[in-house]
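The lines below spell out each chain.
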Amino acid sequence: MNEKENLENRIMNNIKSGKVRLKSKYIFLAKRLSLGSGLILTILLATLFFNLALFYMKETENLAYLTFGFNGFFAFLESFPYVLVISLIMLIFLAGFLTTKTDFSYKKSFGEWSIYLMIVIIFLGTALTFTNINNEFQKHKMFMSPFFEHRLPSFRGIAGPIVSIQGEEIIINTREGLEYVDLKNIKNIPILKENDFVLIIGERSKKGFLAKEIKIEEDKNKMFLIRDNTKPKSFNKNCVDNCLIEKFSIEDCFLKCENLMK
Amino acid sequence: MNLKEMTDEEIVKVVREEDKNFYAEIIKRYELKLSHYLRKFTRNHDELDDILQTVFLKAYENLYGFDVSKKFSSWIYRIAHNEAINQLKKNKVKINLEEVEYKILDEKAGIISKLEKKFINKSVSEALLKLSSKYRDPLILYYLEDNSYEEISDILRINKNTVGILIMRGKQKLKEYLKGKI
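Bear in mind the structure is a predicted one, so any value in this text is a computation, not a measurement. (Residues numbered from 1 in each chain as written. Chains lettered and ligands numbered in written order. Predicted model: local features only at pLDDT ≥ 70, side-chain atom pairs only at ≥ 80, totals over all residues.)

### Here we look at the overall build of chain B
Worth spelling out the cut-off: A run of H or I in DSSP becomes a helix once it reaches four residues, and a run of E becomes a strand once it reaches two; helices and strands are each numbered from the N terminus. Counting other C-beta atoms within 10 Å of its own, a residue is labelled buried from 20 upward, exposed at 12 or fewer, and partly exposed in the gap between, with every C-beta atom placed from the backbone.
Along the backbone of chain B there are 9 helices and 0 strands. In sequence order, the secondary structure elements of chain B are arranged as α-α-α-α-α-α-α-α-α. Looking at the 182 residues of chain B, the share that counts as buried comes to 34%.

In structure tokens, the structure reads:
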């Protein structure tokens, strides 16, 4: 009995003397709020990134490379939005981590919670792609630019409008700038004209890009991210035209105009 | 209102907003229960006393962190559990059951009822030591502390269904071990 009294007295003495005080309710409130808002923000960002990844794949040449079959697969991998997808995965992990800190986390199993989380992100992210939000982001150069500009260099596939044609050689204006393309390895070259938007798979050569297959994208509404992000400033059409009149090869003209641009 | 009739959660509200002296009632209500639970982690009387004091002081300090819509008992058991785990890590001691508790565990869980009783205490003790805390903690909280699945879920912060599964598997593991032993 004495021990009991002792413990109770000791604790109550600590409390009454003020040695031990109640922590302010605002500390706990702030903790709860920051955890809750952090979790919501992370889920919203993950949703946004999922939407951006979908939008990117839809509005660039990325998915279209798969229409070339196996040959287009590596071009697809090259143009895949890795930074976006890795950011998305990290956000999902962060959301999972923050969830384990909440009081309700253990009420549902982790697997169940993960499924709910993925459903919310996929559903809301997909729904967002049907809104105008991505166009607004693009217009104001928000979010998309850092991910769009940090892609792997194109070794297996390029896309953009044709700016100049000379026989089996063309120049296209890609988002990385002007590209010289040699079409001599393609058996049946479609009828090409300037401003045709083309998708090309092949490989890099010393001269520029050696094409294996080419496709014209007729739908002007498709791949607008590429169409909007080609670099018209870098293209000096007069330079190329004058150069060709002077009977230089298209490759030389390309180099000359690129130099001019620099 | 009569203090004895007040729920733990009501007392917490009073301690937080009106009179901190009411915390003595919380100590009275939980001292025995928690010391019974903590005795599984330490036999040293002074150490037990220190842990118990730390638990009550931590609980007091963090009283605003307790959600009064939930059960206070689960909340304070969780603090005690965490303190006990810290103590175990610090001292590298093994879990500690009294003879009578092995019998209770055997009777309630029906682990070795048909086996030789003379080996019971030693074998259950060994088997429990072999079990990882993942299975051992729910078994102890359920059979020896009489906590419900819901309470164990709140104390250990695991899903209620998982509590059931861990208890079932823990029992199976104990049985398997004892069958091989005796």
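### A look at the interface of chain B and chain A
Heads up, the rule is: Any residue pair is listed as a contact if its two C-beta atoms, each placed from the backbone, are within 7 Å. Note on residue classes: Ala, Val, Leu, Ile, Met, Phe, Trp, Tyr, Cys and Pro are nonpolar, Asp, Glu, Lys and Arg are charged, and everything else, Gly too, is polar.
The interface of chain B with chain A comprises 24 residues on the first partner and 17 residues on the second. The set of elements that each furnish at least two residues to the side of chain B that touches chain A consists of helix H2 (23–38), helix H3 (45–61) and helix H9 (160–181) of chain B. Per-element accounting of the side of chain B that touches chain A gives the leading share, 7 residues, to H3 of chain B. A breakdown of the residues in the side of chain B that touches chain A according to their chemical character gives 10 nonpolar, 7 polar and 7 charged.

### Things to note about the domain arrangement of chain A
Residue and element names in this part refer to chain A. Formally: Segmentation of the chain into domains, including their bounds, is taken from an automatic or database domain assignment.
According to the domain assignment, chain A consists of domain 1 (28–149) and domain 2 (165–261). At the junction of the two partners, domain 1 supplies 12 residues and domain 2 supplies 10 residues. Where the side of domain 1 that touches domain 2 is concerned, the elements lending two or more residues are helix H2 (25–59) and helix H3 (70–78). In terms of residue class, the side of domain 1 that touches domain 2 is built from 6 nonpolar, 4 polar and 2 charged.

### Considerations on the confidence of the model for chain B
Which entries qualify depends on this criterion: The predictor attaches a confidence to each residue, and that confidence, scored 0 to 100, is pLDDT.
For chain B, the mean per-residue pLDDT works out to 83, and 80% of the residues sit at or above 70. The weakest mean pLDDT in chain B belongs to helix H5 (residues 99–109) of chain B at 62; the strongest belongs to helix H1 (residues 8–17) of chain B at 94.

### Focus: the packing of H2 of chain A against helix H4 (residues 82–100) of chain A
Residue and element names in this part refer to chain A. In plain terms, the rule: Angles here are taken between N-to-C directions and fall from 0 to 180 degrees, while the axes themselves are lines fitted to C-alpha atoms, restricted in helices to the stretch in contact. Each angle is binned into one of four classes, with values under 35 degrees roughly parallel, values over 145 roughly antiparallel, values of 65 to 115 roughly perpendicular, and all other values oblique. For any pair of crossing helices, the crossing counts as left-handed if the nearer helix is rotated counterclockwise from the farther one by less than a right angle, and right-handed if it is rotated clockwise.
Between H2 and H4, the least distance of the axes is 9 Å, while the angle of their chain directions is 155°. One element, H2, and the other, H4, form an angle in the roughly antiparallel class. Read as a crossing pair, H2 and H4 show a hand that is left-handed. Contact residues: Leu35, Gly38, Leu39, Thr42, Ile43, Leu45, Ala46, Phe49, Phe50, Leu52, Ala53 and Tyr56 in H2; Leu84, Val85, Ser87, Leu88, Leu91, Ile92, Leu94, Ala95, Leu98 and Thr99 in H4. A breakdown of the residues in the contact of H2 with H4 according to their chemical character gives 18 nonpolar, 4 polar and no charged.

### Focus on H3 of chain B
Residues spaced three or four apart along an α-helix point in a common direction, a consequence of the helix completing one turn every 3.6 residues. To be explicit about the condition: Here a helix's expected span is defined as the number of its residues, less one, multiplied by 1.5 Å.
Relative to the 24 Å expected for 17 residues at 1.5 Å per residue, H3 of chain B spans 24 Å between its end C-alpha atoms, a close match to the ideal helical length. Of the positions making up H3 of chain B, those classed as buried are Ile51, Leu52, Val55, Phe56, Ala59 and Tyr60 of chain B.

### Overview of H2 of chain B
For clarity, the cut-off: One fitted axis covers the seven residues ending at a residue, a second covers the seven starting there, and the bend at that residue is the angle between these axes.
Of all the bends in H2 of chain B, the largest measures some 45° and sits at Tyr30 of chain B. Residues Tyr23, Ile26, Ile27, Tyr30, Leu34, Tyr37 and Leu38 of chain B constitute the buried set of H2 of chain B.

### Some thoughts on the nonpolar core
Which entries qualify depends on this criterion: Joining buried Ala, Val, Leu, Ile, Met, Phe, Trp, Tyr and Cys residues through C-beta atoms within 7 Å gives a set, and that set is a nonpolar core.
Ala46, Phe49, Ala53, Val181 and Ile200 of chain A are the most contacted members of the largest nonpolar core, which totals 45 residues. Looking at this core element by element, the count peaks at 10 residues for H2 of chain A. Counting contributing residues, this core receives three or more from each of domain 1 (28–149) and domain 2 (165–261) of chain A. Excluding residues within four positions of it along the chain, Phe49 of chain A makes contact with Leu84, Ser87, Leu88 and Leu91 of chain A. Counting residues in hydrophobic clusters, the runner-up holds 39 residues, among them Ile26, Tyr37, Ile76 and Ala84 of chain B.

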